[in-house]
Each structure stands twice: as structure tokens, then as C-alpha cells.
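Read off the chains here:
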Amino acid sequence: GVKELGGDVEVFAVSATDGLLDFVEIEKIAKTVAHSLYVEEGPHPLSACESLITTAATLWWKAKNGTYRDDIAIAVSKMSL
């Protein structure tokens, strides 16, 4: 579920390659990253990114029988407005 953050608006930016976006939904990426940045008991942002990359790599492996995998990268930045 969505957790309220006390009425504040939190903004972050994500840059990801199509190797990630081909297999992981944008909403899942956004929720995973937001959870790591703004939920106290959430995972460290690096762990969250590693989890997303592992998910995409596994799905590439299954889809291409291990014969091909596109580049998979993600960068995250908290924004202050």
C-alpha cells in the first residue's frame, strides 16, 4: 500500500536503461525506489536497485535462454525543491 508522508511531497529522479524497463514495470521501479528512500524500515537504496537489476537479469535469462541480455542500469537521486 501507499504510505502517507505527512502531507509533504517527496520528489526523486530515476534514470534506467531499457534493459531494466523491458522487464520491470515503471510502477514497480517507482515504488521500490520510493520505499528505499522514504520508509524508515525500507531497504537501503543500493539494495533496492540491486534487487531491481537482479529481477530484470533473471527475466532476460528466462526470455532468451541465457543467450542474450541487454545492458541493465539504474541511477537514483533524491531531489530537494
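Notes on the structure in this doc start here. (Residues numbered from 1 in each chain as written. Predicted model: local features only at pLDDT ≥ 70, side-chain atom pairs only at ≥ 80, totals over all residues. Heavy atoms only, no water.)

1. Considering unusual backbone geometry
Our working definition: Labels follow the DSSP assignment, with helices taken as runs of H or I lasting at least four residues and strands as runs of E lasting at least two, numbered in each case from the N terminus. Only protein chains enter the accessibility calculation, which uses a 1.4 Å probe; a residue is then buried when its area is under 20% of its type maximum, exposed when over 50%, and partly exposed in between.
Within the chain, Asn65 stands out as a residue other than glycine whose phi angle is a positive 50 degrees. With respect to the secondary-structure elements, Asn65 resides in the loop between α3 (45–64) and β2 (74–79). Judged by its relative accessible area of 67%, Asn65 falls in the exposed class.

2. Details of the environment of Ala57
Defined as follows: A contact between two residues is defined here by any heavy atoms of the two lying within 4.5 Å.
Inspection of the secondary structure assignment puts Ala57 in helix α3. A relative accessible area of 18% means that Ala57 is categorised as buried. C-alpha of Ala57 to C-alpha of Gly19: the two residues are 38 residues apart in sequence and 8.3 Å apart in space. Not counting chain neighbours up to four residues away, the residues in contact with Ala57 comprise Arg69 and Ile72.

3. A closer look at the packing of aromatic side chains
What counts, and what does not: The rule is short: rings of Phe, Tyr and Trp, with Trp giving its six-membered ring, pair when the centres are within 6.5 Å, and they are stacked under 30 degrees, edge-to-face over 60, tilted in between.
Going through the model one piece at a time under the given rule, you end up with three aromatic pairs. Aromatic pair Trp60 and Tyr68: ring centres 5.6 Å apart, planes at 70 degrees, arrangement edge-to-face. Three or more aromatic residues joined by ring pairs make a cluster, and in this case those are Phe23, Trp60 and Tyr68.

4. A word on the nonpolar core
For soluble globular proteins, nonpolar side chains are generally found buried alongside one another. To be explicit about the condition: Side-chain atoms within 4.5 Å link the members of a nonpolar core, which is a set of buried Ala, Val, Leu, Ile, Met, Phe, Trp, Tyr and Cys residues.
Core analysis: the largest hydrophobic core is formed by 13 residues, its most contacted members being Leu20, Val24, Ile29, Val33, Leu52, Ile72 and Ile74. If you list the elements that add at least two residues to this core, you get α2 (26–38) and α3. Ranked by the residues each element gives to this core, the list is headed by α3, at five residues. Excluding residues within four positions of it along the chain, Val33 makes contact with Phe12, Val14, Leu52, Ile74 and Val76.

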